[in-house]
Amino acid sequence: MNDRKKPTGPGASGLVLDEPLLWERGRPGRSGMSLVEAGTPPAALPPDLAGPGPAWPDLCEPEVVRHYTRLSTWNFGVDTGMYPLGSCTMKYNPKIHETLAALPGFAKAHPLLPEEAAQGALRLIHELEAFLAEIVGLEAASLQPAAGAHGELCGMLMIAAWHRHNGGRRGKVLIPDTAHGTNPASAAMCGFQEVKVPLGPAGRIETEAVARLMDDDTAGIMATNPNTLGLFEANLPEISRLVHERGGLVYADGANLNAIMGRIDLEKAGVDVVHYNLHKSMSTPHGGGGPGAGPVAVGKRLLPFLPGPRTVLRDGSYVWNRDLPLSIGRLHSFHGQFAVCLRAYAYILSLGREIRAASGLAVLAANYLQEKLKPAFDLPFDRRCMHECVFTDARQKKYGVTTLDLAKRLIDLGYHPPTIYFPLVVGGAMMIEPTENESKEDLDAFADALLQAASEAASDPDILRRAPVRSFAGRLDETAAARRPRLTGDMGKAGHA
Ligand SMILES: *Cc1c(COP(=O)(O)O)cnc(C)c1O
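Residues numbered from 1 in each chain as written. Predicted model: local features only at pLDDT ≥ 70, side-chain atom pairs only at ≥ 80, totals over all residues. Heavy atoms only, no water.

J.: Please clarify how the overall build of the protein should be interpreted in this entry.
T.: The helix and strand inventory of the protein stands at 16 helices and twelve strands. Structurally, the protein occupies a C-alpha span of about 70 × 70 × 45 Å along its principal axes. Within the protein, the proportion of its 497 residues that are buried is 48%. Partitioning the contacts of the protein with sequence separation of at least 6, the portion at a separation of at least 24 is 70%. When the accessible surface of the protein is summed, it comes to about 24,200 Å², and 57% of that surface belongs to carbon and sulfur atoms. (Helix = DSSP H or I, 4+ residues; strand = E, 2+ residues; numbered from the N terminus. Buried < 20%, exposed > 50% of the residue type's maximum accessible area, 1.4 Å probe, protein only. Contact = heavy atoms within 4.5 Å. Areas by Shrake-Rupley, 256 points an atom, 1.4 Å probe, with all protein chains shown as cover.)

What follows is the structure in structure tokens.
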């Protein structure tokens, strides 16, 4: 199974590839520091702290430093190479935005500063909300939600508040098959029952399907545009008209903003509320669980329901307006994930009107890859895509090669795999999002690697089924790795197949 050569020590094979756990490396009595004798007799620990305690390994300082420094070189990130995960927008985040986010005036500002001592931060909040709304053609925004899912919750709370304000309660929400799992979860948290809208033959929602389902107990629809297949929901204006006619509202999941920044007018498309994932679209590195930010923007109908308090410019100063009788109130302590918003502000100002060009390049790069890969892979929806394209393993399956094998082989060929088995509506999906940052040469090299894997599937399928053989760990038993992670030396070798 495993072709890797076991290295024997530093320098013996160029690199130490098998890093022992600290528990395996430690030796009893070894220490990273020596303390002077205290000169007082040792006191007994309180009873609830007495006993054997955790079995920490004994190590000296260089052993610990080298261990963690070596592990850090195993990281693969967008600063190391292309990271084509779709549905996440793992793009390059210019370092200048990190520098700006670290400016002491922002980084050290206390959230309880009085308004007059926090004018810069308040201005940033005020302006960023206006920029975000303008980028999609809506009225106003709130920075409070802390993530995409939190933005969805915020939007659905506003929709529920709007219905209550207008004298009605509605129990259901329409959610397309292709939606991210957070959509039905957020709707359910607001007490709505999910009604699935089936995927149409062109990979998008069809107006007729919505017409069949939209009744007077349905609060509205949650639509993702572009959807999670990377396809534009061209029927959205018509669908919105229909939903509004029947007394509902329209939620847009804006996680795929990277494809449409500055190029779409959601007000015209009939959208009442949209959320952004600043950690996906606007220069916050993400992964590992955050932090992120999920601001929302609204059209005229939901404007009074936005979370509060809200900044206003009064006599040349920014102040908090707390007099918002219809607001759904606070969704976050203080002012949201301020440092993430700060990066988004820097991102928007550094691009200015060129922000449209970033979206244009992202869409161009995805279509370029789609065309290059089409001859070798099954393309379930053969249409112009937006910022990401979705293939399947249908053509490789006859050689016994699956999407997982193709993804693992990419690791041996030097690439981080794309998103696999998502969206769920497409069997064996491979979802590729190159983003606007990759050069033509890098896109070509990535496509060549996937094309090589496709031709190996026919000529030497074993090479794919055994992959990866050139990585630090071979093919993991992913279920065991997640359920029985090996975190200490005495837990056996769970997680390795
Ligand atoms: C990522 C994503 C979400 C959820 O966003 P989080 O910030 O992870 O909570 C929702 N919808 C879509 C389409 C997404 O890609």
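J.: Could you clarify how one ought to interpret the environment of Ile239 in this entry?
T.: Tracing the backbone shows Ile239 in helix α9 (residues 236-245). A residue is classified by how much of its surface remains accessible, and Ile239, at 2% relative accessible area, is buried. Discounting chain neighbours no more than four positions away, the residues touching Ile239 are Ile205, Thr207, Val210 and Ile221.

J.: It is not clear to me how the pairing of strand β9 (residues 317-321) should be interpreted in this structure. Could you clarify?
T.: A regular strand carries its side chains on alternate faces of the sheet. Counting buried residues in β9 gives four out of five residues, a clear majority hidden from the surface. With antiparallel pairing between neighbouring strands as the criterion, strand β8 (residues 310-314) and β9 make up a hairpin whose turn holds two residues, including Asp315 at a positive phi of roughly 50°. (Pairing = 2+ DSSP bridges.)

J.: Could you clarify how one ought to interpret the state of the cysteines in this entry?
T.: A covalent bond bridging the sulfur atoms of two cysteines is what the word disulfide describes. Overall, the coordinates contain zero disulfides when judged by the stated rule. Left unpaired, Cys88 is separated from the closest cysteine sulfur, that of Cys389, by 14 Å. Unpaired in this structure, Cys389 has its nearest cysteine sulfur neighbour in Cys385, at a distance of 5.1 Å. A relative accessible area of 0% means that Cys389 is categorised as buried. (Disulfide = S-S within 2.5 Å.)

J.: What's the story with the packing of helix α13 (residues 403-412) against helix α14 (residues 440-459) in this structure? I'm lost.
T.: Helix-helix packing is characterised by the crossing angle of the two axes and by the distance between the axes. Between α13 and α14, whose axes approach to 10 Å, the crossing angle comes to 125°. When the axis of α13 is compared with that of α14, the two are oblique. Read as a crossing pair, α13 and α14 show a hand that is right-handed. Facing Leu406, Arg409 and Leu410 of α13, the residues of α14 in contact are Phe446, Ala449, Leu450, Gln452, Ala453, Ala454 and Glu456. (Axes fitted to C-alpha atoms, helices over the stretch in contact; angles between N-to-C directions. Parallel < 35°, antiparallel > 145°, perpendicular 65-115°, else oblique. Left-handed = near helix turned anticlockwise from the far one by under 90°.)

J.: How should the sheet that holds strand β10 (residues 389-391) be read in this particular structure?
T.: Two strands in a sheet stick together by hydrogen bonds in their backbones, pointing the same way (parallel) or opposite ways (antiparallel). Across the sheet, which stays open at both edges, the three strands sit in the order β10-β12-β11 with antiparallel pairing between neighbours. Of all strands in the sheet, those with a lone pairing partner are β10 and β11 (419-420), marking the two edges. Two elements, β10 and strand β12 (residues 430-432), share three bridges in a ladder whose sense is antiparallel. Directly across from Cys389, in β12, lies its bridge partner Ile432.

J.: I would appreciate a short explanation of a nonpolar patch on the surface in the present structure.
T.: Judged by side-chain polarity, Ile96, Leu100 and Leu103 come together as a nonpolar surface patch covering roughly 240 Å² of accessible area. For Leu103, a relative accessible area of 39% corresponds to the partly exposed category. (Patch = residues over 30% accessible without salt bridge, like charges linked within 9 Å, V, L, I, M, F, W, Y side chains within 5 Å. Salt bridge = Lys/Arg side-chain N within 4 Å of Asp/Glu carboxyl O.)

J.: Mind showing me how you'd approach the site of the ligand here?
T.: Taken together, the neighbourhood of the ligand is formed by 14 residues, with Gly148, Ala149, Asp253, His279 and Lys280 sitting nearest. Within the side chain of Lys280, one N or O atom sits 2.7 Å away from an oxygen atom of the ligand. Isolated, the ligand exposes 380 Å² of accessible area, and the fraction of that covered by the protein chains is 87%. Looking at the shell around the ligand, the elements that each hand over two or more residues are α6 (148-165) and α10 (278-281). Broken down by element, the residue count for the shell around the ligand peaks at three residues, all from α6. By residue class, the composition of the shell around the ligand is three nonpolar, eight polar and three charged. (Near = heavy atom within 4 Å. Polar contact = N/O pair within 3.5 Å; in protein donor to acceptor, adjacent residues only side chain to side chain. Nonpolar A, V, L, I, M, F, W, Y, C, P; charged D, E, K, R; others polar.)

Worth remembering: the numbers are spatial, not functional.
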